[in-house]
Amino acid sequence: MVRFSASIFRFMQSEAQVKSSRLARTFSISLKQLMALFLFVIVVSVVGFWGVQRVDMHSRWRSQVEKSQSLRIHLDEAYVLLTSSSFETDSITQKWFISEVEYADSSLWELMRLDGAHQIQLGKIDVMLVDLMDPTKKSYLIGLNSTDRSAIAGALHDIGWKVVAAYGNYINYTSSTPSFWYFGPSPPDEIALQEAVELAIDVEENLP
């Protein structure tokens, strides 16, 4: 009887050890799977966040190009009006010029909103545009000879084109809509933007 009880005890002990081993193995497998799942979720989240950020960045680039093109269009209109032979005597031409400068400044503000990192540089162009819109400057512009007035007009034209060149620089390496995997130069082209800023500073310094 004692021998039988000992056999039963050993059997139960063996069964307990087997169950314990299975439980440990099951727990070990589950922990590995849990860690793998956790790492997978982290990787997917990081990649997803990166993808959203990249799409948003490219969308912002396109908007910057659109606003810079709008700036150029209005500055080109201002250039034509300022060099017009009727500018000195025609009040309608003068008012039209001021309106185009205002539209250009509005586009510039939108560009500044999209590119907060370059607000200081763009702000210097804004100072010049605001000065040109000042009603007290109209008599100064009217009193300029055609050569000096053409110089200011030419500067406005060049500023518009250089700003577009700065914010559209990536188009030289891709389409107007950069692919998701585009890793080329990003806007703005610092050299082109600085050239536009220097032109604006020159115009501003020559205004009374």
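What you see is a predicted model; the values in this text were computed from it and never measured. (Residues numbered from 1 in each chain as written. Predicted model: local features only at pLDDT ≥ 70, side-chain atom pairs only at ≥ 80, totals over all residues. Heavy atoms only, no water.)

**Notes on the nonpolar core**
Argument step 1. F97, L122, I125, M128, L129, I159 and V163 are the most contacted members of the largest nonpolar core, which has 36 residues in total.
Argument step 2. Looking at this core, the element that brings in the most residues is helix α5 (residues 146-167), giving 8 residues.
Argument step 3. Apart from the residues lying within four places of it in its own chain, the contact partners of I125 are L108, I159, V163, A196, V197 and A200. (Core = buried A, V, L, I, M, F, W, Y, C linked by side-chain atoms within 4.5 Å. Buried < 20%, exposed > 50% of the residue type's maximum accessible area, 1.4 Å probe, protein only. Helix = DSSP H or I, 4+ residues; strand = E, 2+ residues; numbered from the N terminus. Contact = heavy atoms within 4.5 Å.)

**Focus: the side chain of D131**
Argument step 1. For D131, the position within the fold is in helix α3 (residues 119-133).
Argument step 2. Assessed through its relative accessible area of 12%, D131 is described here as buried.
Argument step 3. Discounting chain neighbours no more than four positions away, the residues touching D131 are K137, E204 and L207.

**Here we look at the packing of α3 against helix α6 (residues 190-206)**
When two helices pack together, their arrangement is given by the angle between the helix axes and the distance between those axes.
Argument step 1. It is the contact of α3 with α6, at a shortest axis distance of 9 Å, that shows an interaxial angle of 30°. With respect to each other, α3 and α6 are oriented roughly parallel. Every pair of crossing elements has a handedness; the one defined by α3 and α6 is left-handed. Contact with α3, carried on its side by Q121, L122, K124, I125, V127, M128 and D131, involves E190, L193, Q194, A196, V197, A200, I201, V203 and E204 of α6 and no other residues of that element.
Argument step 2. Classifying every residue of the contact of α3 with α6 gives 10 nonpolar, 2 polar and 4 charged. (Axes fitted to C-alpha atoms, helices over the stretch in contact; angles between N-to-C directions. Parallel < 35°, antiparallel > 145°, perpendicular 65-115°, else oblique. Left-handed = near helix turned anticlockwise from the far one by under 90°. Nonpolar A, V, L, I, M, F, W, Y, C, P; charged D, E, K, R; others polar.)

**What about the pattern of salt bridges?**
Argument step 1. Evaluation of the coordinates by the stated rule reveals 6 salt bridges.
Argument step 2. Measuring nitrogen to oxygen at the nearest pair gives 3.4 Å for the salt bridge that ties D134 to K137.
Argument step 3. On the basis of relative accessibility, which here comes to 25%, the residue D134 falls in the partly exposed class.
Argument step 4. In this structure, the salt-bridge partner of E195 is K162, at a minimum N-O distance of 2.9 Å. Taken as a pair, E195 in helix α6 and K162 in helix α5 lie far apart in primary sequence, 33 residues in all.
Argument step 5. Note on K162: relative accessible area 26%, which makes it partly exposed.
Argument step 6. Through salt bridges with shared partners, a single ionic network connects D131, D134 and K137. (Salt bridge = Lys/Arg side-chain N within 4 Å of Asp/Glu carboxyl O.)

**Things to note about the packing of α3 against α5**
Argument step 1. As a packed pair, α3 and α5 sit with axes 13 Å apart at the nearest point and diverge in direction by 155°. Relative to α5, α3 is oriented roughly antiparallel. Relative to α5, α3 is oriented so that their crossing is left-handed. Residues L122, I125, M128 and L132 of α3 lie in contact with α5, whose contacting residues are L156, I159, V163 and Y167.

Everything listed here is a matter of coordinates, which is why it stays silent on function.
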